[in-house]
Structure formats: C-alpha cells, structure tokens
Amino acid sequence: MPRKAGRSPEDTRRALLDAAGTTIRARGVSASLDDIARQAGVSKGGLLYHFPAKDALVRALAQDILDAFRAEVSAALDPADTGPGRLTRAYVRASLDTSQDEVAIRENIALIAQLISIPEIAELARADAERWDRELHADGLPADVVTLVVAAADGASTAPLWGVGINVGAARRLERQLLDLTLNAEV
C-alpha cells in the first residue's frame, strides 16, 4: 500500500506511532508490524523505512509517551512562578489535568501497562522516573513534601484506570491542596 499523497515523513511517523499504540492496546505487544502498518495506512516497507525493527517502533512509542508527559508539565509551568517548587507545581497541574477524556486516559494507562512488560521499556521508564525524581527533588522543596505531593498526584491521575470517573471538583480541590503544600513548605 503506497504512502498517502501529501503526508509528510513526520506525519507518517506520527501515524505509525498512533497506529502502534492503537494496535498494541487491542492485540498486546505481540501485535505484528503488518497489523500496525495496516492501521496506519502504510505498507510494511513504509513502516520499516521509519522504524527498522519492531523494537525500534515500540521504543519510540514508549519514548513518545514519556516525552508527551514531560511536554505537558513544561506547558503547565507558570512563568510568573519563580519560587521553590515551581516544577513540582507544574507536575501536579499536568497530572491532575481534568481536560482530558477519561477513556483516552484509561487507554493510555492500558497501553503503558502493555509496554512496561518489555524489559527494555521498563528500563526506559525507570530511567525517566529517576530523572523526574532528581529534577523534582532539586526543585527547592523539602524531600518529604515532594514525595507526598508527587505520590498523591500520581495516584489520583490513575483513578480512571479503575473506572472511577473524574470528579472535576474533587480533582481541583486536591490540586489546590497539593499546590498549597508546595507553597507553604518550610524550605
């Protein structure tokens, strides 16, 4: 199947990553490259042009998910906030963002659960978590405050996985409480 006319290489790469996510969520990590290529509307050769092996595609997909969250945190940074805990507050705001669709959140968590079963991806995620730990603990807040606030934000952000609907009011109250902890922490 030929490349769709007018689709740039970047658009094709994005389509392949999206198709890989959809296909792996539906069929597990054993999904074939043929299935992924078909879902993306490209030939298997087109897929292999962008990703020379399935491992490379899966690694890129996992990195894309990690990078997307990092970008969400970066976008949540308040330019007027220059005090200790600035990054931690952005992390809380990104983690508790209620503007996302619950189904999309649940699907993303399910995809991550599939990917994390691959040792190389588990190591990639572990390295990313260690980087977050270093960055957040260097953010100027007491370590116990960072640990508590991040754990609460991480836990609350996975509620849709368990079929718990996002209660926007409760999420906003929790966000405010966590942000207050970062603002009132003794440095």
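Look a little higher up for the structure.
What you are looking at is a predicted structure, and each value in this text was computed from that prediction instead of being measured.

1. Focus on the packing of helix α4 (residues 54-75) against helix α5 (residues 86-95)
Piece 1. α5 packs onto α4 with a crossing angle of 115° between their chain directions and a minimal axis gap of 8 Å. As α4 packs across α5, the resulting crossing turns out to be right-handed. In contact with F69, E72 and V73 of α4, α5 contributes L87, A90, Y91, A94 and S95.

2. Observations regarding the nonpolar core
Piece 1. If you look at the biggest cluster of nonpolar residues, it comprises 22 residues, and the most contacted ones within it are I24, L47, L57, L61 and L115.
Piece 2. At the level of elements, α1 (9-27), α2 (33-40), α4 and α6 (102-115) are the ones that each hand at least two residues to this core.
Piece 3. The dominant element in this core, judged by the number of residues it contributes, is α4, at six residues.
Piece 4. Those residues in contact with L115, other than ones at most four positions away along the chain, are I24, V29, V58, L61, A62, I65 and I121.
Piece 5. With 19 residues, the next largest nonpolar core counts V145, V146, A153 and L178 among its residues.

3. Some details on the packing of α1 against α4
Piece 1. The interhelical angle for the contact between α1 and α4, taken along N-to-C directions, is 95°, at an axis separation of 10 Å. Relative to α4, α1 is oriented roughly perpendicular. Only L57, V58, A60, L61 and D64 of α4 make contact with α1, whose side of the interface consists of R13, R14, L16, L17, A20, G21 and I24.
Piece 2. A per-class count over the contact of α1 with α4 returns eight nonpolar, one polar and three charged.

4. Comments concerning the pattern of salt bridges
Piece 1. Under the counting rule described, the total for this entry stands at twelve salt bridges.
Piece 2. Notably, a salt bridge pairs R172 with E175, separated by 2.1 Å at the nearest N-O pair. Of the two residues, R172 and E175 both sit in helix α9 (residues 168-183), three residues apart, roughly one turn of that helix.
Piece 3. Residues joined in a network through salt bridges with shared partners are R70, D128, R131 and E135.

5. Quick notes on the packing of aromatic side chains
Piece 1. By the definition in use, this model includes three aromatic pairs.
Piece 2. Measuring from centroid to centroid gives 5.3 Å for F69 and Y91, while their planes differ by 90°, and the two rings are edge-to-face. Residue F69 is found in helix α4, and its partner Y91 is found in helix α5; the two are separated by 22 residues along the sequence.
Piece 3. Clustering of aromatic rings is evident, with ring pairs tying together F69, Y91 and W132.
Piece 4. Above the face of the W132 ring, R70 is positioned so that its terminal group lies 3.9 Å from the ring centre.

Cut-offs used in this document
- Residues numbered from 1 in each chain as written.
- Predicted model: local features only at pLDDT ≥ 70, side-chain atom pairs only at ≥ 80, totals over all residues.
- Heavy atoms only, no water.
- Axes fitted to C-alpha atoms, helices over the stretch in contact; angles between N-to-C directions.
- Helix = DSSP H or I, 4+ residues; strand = E, 2+ residues; numbered from the N terminus.
- Left-handed = near helix turned anticlockwise from the far one by under 90°.
- Contact = heavy atoms within 4.5 Å.
- Core = buried A, V, L, I, M, F, W, Y, C linked by side-chain atoms within 4.5 Å.
- Buried < 20%, exposed > 50% of the residue type's maximum accessible area, 1.4 Å probe, protein only.
- Parallel < 35°, antiparallel > 145°, perpendicular 65-115°, else oblique.
- Nonpolar A, V, L, I, M, F, W, Y, C, P; charged D, E, K, R; others polar.
- Salt bridge = Lys/Arg side-chain N within 4 Å of Asp/Glu carboxyl O.
- Phe/Tyr/Trp six-rings, centres within 6.5 Å; stacked < 30°, edge-to-face > 60°.
- Lys NZ or Arg CZ within 6 Å of the ring centre and 35° of its normal.

Interpretation in functional terms is not warranted from these geometric data alone.
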